[in-house]
Structures are given as structure tokens and as C-alpha cells.
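Residue-level structural notes
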Amino acid sequence: MAESKHYKVIIIGSGPAGLTAAIYTSRAGFNPLVLEGDQPGGQLTITTEIENFPGFPSGITGPQLMDDMREQAKKFGAQVEFELVTKVDFSKRPFTVEGEGNFYTADAIIISTGASARWLGIESEKKYMGKGVSACATCDGFFYKEKDVIVVGGGDSALEEGTFLTKFAKKVYVVHRRDEFRASKIMIKKAKENPKVEFLLNKVIDEITGDDFVTGVKLKDTVTGEIDEIAVDGVFMAIGHTPNTKIFEGQIELDEKGYINTVPGTTKTNIEGVFACGDVQDKIYRQAITAAGSGCMAALDAEHLLDN
Ligand code: NAP
């Protein structure tokens, strides 16, 4: 085994949670190592304009915000490496972390590997990503004022986001592959009572159509197999998220959906010295600002442990 390098704090993941944790732990003098993963900057790097992050009245792009956070962390002594963690061992302290051929040990670990939106997996979805296809109504809904959009899914997210999108859009279709919803009754009632919402049940998106931007979707009926095309300007996926916790299975307590369990009101996991922040432990709020806030909490929780 190659020689390992020791750090007081290793942060796994580089979205707003991880980089905020890096800013705080580096300012506290811990010179953390940030292992960025295969998507440096996280989910925000695939969004366009961010208009709801406080402090940017004219908006800021996702990639720019993440570049700025990274620079801010480095300025105070964080070491940021483009490396994907492949294995961890939390069974004893110092903890060990394995990257691509590199080995590290740490007194404290902050996990901020985030979650990934689920996608349909069709070719046209990739083609129109950021050009009318989004997985975040809160981020991108504002760009669809007086336009027609379609939301995919039948869970709480789809119905909540569908209802939210009616604030901007002229018409919101909700397409679901069955005729029964997974969403809660209250969410269904709210969406059904909204005159701008139209449900398209027993249907799936077969293809997203357009030129430079999305102009419509081809819908396949899951019962009859029939295909219809409707005109829309935006397609919002709300078919769930998958927390990025594969490498932590068997090492740390996860809930039934794979999110890391944290002690309420803290970022502490079931392993003393391992903290989790951001979307990897949050299936409710999932915002850049809440992720950043929990990254700050993780840094303070880690500092408290290391100082005592
Ligand atoms: P979810 O409950 O897992 O629902 C995902 C939906 O997407 C399901 O209706 C599913 O259909 C559909 N789906 C999955 N893969 C699909 C595919 N390939 N093609 C078409 N449809 C597909 O996810 P979620 O709605 O994001 O909710 C996640 C958790 O957060 C839930 O526990 C939810 O209650 C919670 N949440 C709560 C709130 C709130 O309380 N305000 C808001 C949002 C989310 P099937 O039903 O056929 O499987």
C-alpha cells in the first residue's frame, strides 16, 4: 500500500456544503483536504443562473458561485484535489480514505457527497439539459413566465413542484406513469384544485422534441401504447433523487433510502468524528443555501470535536 498522508479534516464532496465546510475549517486553522469527486462544484454546476442565493441581487451562474467558493476555501488554506473517493474505513480513528491510487487518514471526516437527481435516461433528455430540461423547479421555474411546462413524476416532489410552477407558467402538465399517486393526499388535493394544472396519467415521455430549446414532448400511453405530442417550453424531472452514499454502505448508518442519518439539529452521524452535511443527509430542503448552512454546522461540529 502506498504511504498515506494525514489530515486533521478531510471533506469528501465539493458542492456548497463541502466548500462551506472547507471555508470554516480552513479559517479555523485545520488546513482541510477537500476531495472533489467527479463533479467538482456538485449539482449547481449543471444549473444556469442562480437568483436565490443571498448576496447576489443580479444573480450568479452555478459554476461561478462554485468557483468563488473554492477560491475562498483555498485562500484560507484548504487543499482541494480533483479526486474521486473509492473506499473509506470508519471502523477506527484515524479514519482512512482511499482515492484513485492515493491513501489518506484523518481525525475527522465531513461527508458532503450530495445527491443526484434521477433522470429518465432517454437521449433527447441529455440533448436539452439546460435548454428546457431541468430537475429543479425552484432553481429554474422563474424562467418560464407565461409558458407551458411539464413535470414528470407522481410523488410529493412532482406535485409540489407542479403547484410551485403555476406561479410562473401559464399551464403545467403533470405526467405520471400510473393512475395512482405516491404523493400525499394533501399535495394531490392542492394540485387538483389548481386550475393551471392538468394531469396526464398512464403516460411516459417517449421523446423530448425541439430545435435549440425544447418545444414539446412525445407522450406514450402506458396502457394503449399510443403516442401523442404536446407543445411545452420546459420539462421538469421530479422522479426522485439518489443520495451519493454507495461507498459508505456498511460503514455508516443510512436510512432506508440511502441518506445518511444525522442526529437532529447537528451533523453528527452514528460514528464519532464523521459528520454529514448537504443533500447527502437532506431529502427535504435540497437548496444551495441550506446545504451551505449545514456545511457550516459540520465544520463547527468537527472543530468542537478536534478542539476537545
Ligand atoms: P418519490 O416519492 O420516490 O417519487 C418519485 C416519483 O417518480 C414516483 O411517482 C415514481 O413513479 C416516479 N418515477 C420514478 N422513476 C420514474 C421513471 N423512470 N419514469 C417515470 N416516472 C418515474 O420521490 P420524491 O417525490 O422526490 O419524494 C422523495 C421523498 O421526499 C418522499 O419521501 C417525499 O414524501 C419527500 N418530499 C416531501 C415533500 C414535502 O413534504 N413538502 C416534498 C417533496 C418530497 P411510481 O409512483 O410509479 O413509482
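Here we summarise the structure given alongside this text. This one's a predicted model, so the numbers in the text were calculated from it and none came from an experiment.

Digging into the nonpolar core
Counting residues in hydrophobic clusters, the biggest one holds 30 residues, and the most contacted among them are Ile11, Phe53, Leu65, Ile110 and Phe275. Of all elements in the fold, only strand E1 (4-12), helix H1 (16-27), helix H2 (62-75), strand E8 (103-111) and helix H7 (288-307) reach the threshold of two or more residues within this core. Take this core: its biggest share by element is seven residues, from H7.

Considering a positive patch on the surface
A contiguous patch of positive charge on the surface is contributed by Arg118, Arg177, Arg178, Arg182 and Lys257. Among the secondary structure elements, arginine 177 is positioned in the loop between strand E12 (171-176) and helix H6 (185-193).

A closer look at the packing of helix H5 (residues 156-165) against H6
Remark: H5 packs on H6, axes separated minimally by 9 Å, with the N-to-C direction vectors making an angle of 30 degrees. For the pair H5 and H6, the crossing hand works out as left-handed. Residues Asp156, Leu159, Glu160 and Thr163 of H5 lie in contact with H6, whose contacting residues are Met187, Ile188, Lys190 and Ala191. Counted by class, the contact of H5 with H6 contains four nonpolar, one polar and three charged residues.

Quick look at the site of the ligand
As a structural note, the neighbourhood of the ligand is formed by 17 residues, with Asp156, Ser157, Glu160, Arg178 and Arg182 the closest of them. Here arginine 177 contributes a side-chain N or O atom positioned 2.9 Å from an oxygen atom of the ligand. Protein contacts shield 76% of the accessible area of the ligand, which totals 910 Å² for the unbound molecule. By residue number, the principal contributor to the shell around the ligand is H5, which donates three residues.

Considering the pairing of strand E16 (residues 227-231)
In the sheet, strand E15 (residues 214-221) pairs with E16 via five bridges, with the strands oriented antiparallel. Bridging across to E16, leucine 219 finds its partner in aspartate 228. Linking E15 back to E16 in an antiparallel pair, the connection comprises five residues, with glycine 225 at a positive phi of about 80 degrees.

Rules used in this analysis
- Residues numbered from 1 in each chain as written.
- Predicted model: local features only at pLDDT ≥ 70, side-chain atom pairs only at ≥ 80, totals over all residues.
- Heavy atoms only, no water.
- Core = buried A, V, L, I, M, F, W, Y, C linked by side-chain atoms within 4.5 Å.
- Buried < 20%, exposed > 50% of the residue type's maximum accessible area, 1.4 Å probe, protein only.
- Helix = DSSP H or I, 4+ residues; strand = E, 2+ residues; numbered from the N terminus.
- Patch = residues over 30% accessible without salt bridge, like charges linked within 9 Å, V, L, I, M, F, W, Y side chains within 5 Å.
- Areas by Shrake-Rupley, 256 points an atom, 1.4 Å probe, with all protein chains shown as cover.
- Salt bridge = Lys/Arg side-chain N within 4 Å of Asp/Glu carboxyl O.
- Lys, Arg positive; Asp, Glu negative; His and termini not counted.
- Charge placed at Lys NZ, Arg CZ, Asp CG, Glu CD.
- Axes fitted to C-alpha atoms, helices over the stretch in contact; angles between N-to-C directions.
- Left-handed = near helix turned anticlockwise from the far one by under 90°.
- Contact = heavy atoms within 4.5 Å.
- Nonpolar A, V, L, I, M, F, W, Y, C, P; charged D, E, K, R; others polar.
- Near = heavy atom within 4 Å.
- Polar contact = N/O pair within 3.5 Å; in protein donor to acceptor, adjacent residues only side chain to side chain.
- Pairing = 2+ DSSP bridges.

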